[in-house]
Amino acid sequence: MPMLYKPKAEGYDVKPVAIPAPGNNSFLGDIFTSDAEKGKEISCGFYKQEEGEALVYTYDYDEMKIILEVVGEYVLTDETGYSVSVQPGDVFYFKKGCTITFKNTGGYGYAFFCGLRPNGTA
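Residues numbered from 1 in each chain as written. Predicted model: local features only at pLDDT ≥ 70, side-chain atom pairs only at ≥ 80, totals over all residues. Heavy atoms only, no water.

Draft legend 1. How the structure looks around the packing of aromatic side chains. Inspection of the entire model under this criterion finds eight aromatic pairs. A centroid spacing of 5.7 Å and a plane angle of 70 degrees characterise the contact between F46 and F112, whose relative ring orientation is edge-to-face. In this pair, F46 is assigned in strand β3 (residues 43–50) and F112 in strand β8 (residues 99–115), connecting sequence segments 66 residues apart. According to the relative accessible area criterion, F46 is buried, its value standing at 13%. According to the relative accessible area criterion, F112 is partly exposed, its value standing at 29%. Ring geometry for F92 and F94: centres 5.9 Å apart, planes at 10 degrees, overall stacked. Residue F92 shares its accessibility class with F94, and that shared class is buried. (Phe/Tyr/Trp six-rings, centres within 6.5 Å; stacked < 30°, edge-to-face > 60°. Helix = DSSP H or I, 4+ residues; strand = E, 2+ residues; numbered from the N terminus. Buried < 20%, exposed > 50% of the residue type's maximum accessible area, 1.4 Å probe, protein only.)

This is the structure:
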């Protein structure tokens, strides 16, 4: 079976589709989704949080993010109040049910994600 490939121009540099949350500056774009049976699909792509209103997001699936770029201050905070000032190379695992606040001041944060969900359901 052949591998699937998307060059950088078709993923990383394309501004992803806005997450449906009014007033925030969060963008997410799925690049690939596995052909697994319903409920076991894995999707991956890129996520960008720009300066402005924070995104508060409760995960209804497991997801992992690798931080690729940070301009300004990029802070992730969970529902317990635990906060991390994010740096490129940081890796996060968000378990189903956790609530995370994504906030950037002075630029943006850019990440690659992989989540246990169908395409386009973030």
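Draft legend 2. Layout of the environment of Y110. The residue Y110 is located in strand β8 in this model. Here Y110 falls in the buried class, since its relative accessible area comes to 5%. C-alpha of Y110 to C-alpha of Q49: the two residues are 61 residues apart in sequence and 6.6 Å apart in space.

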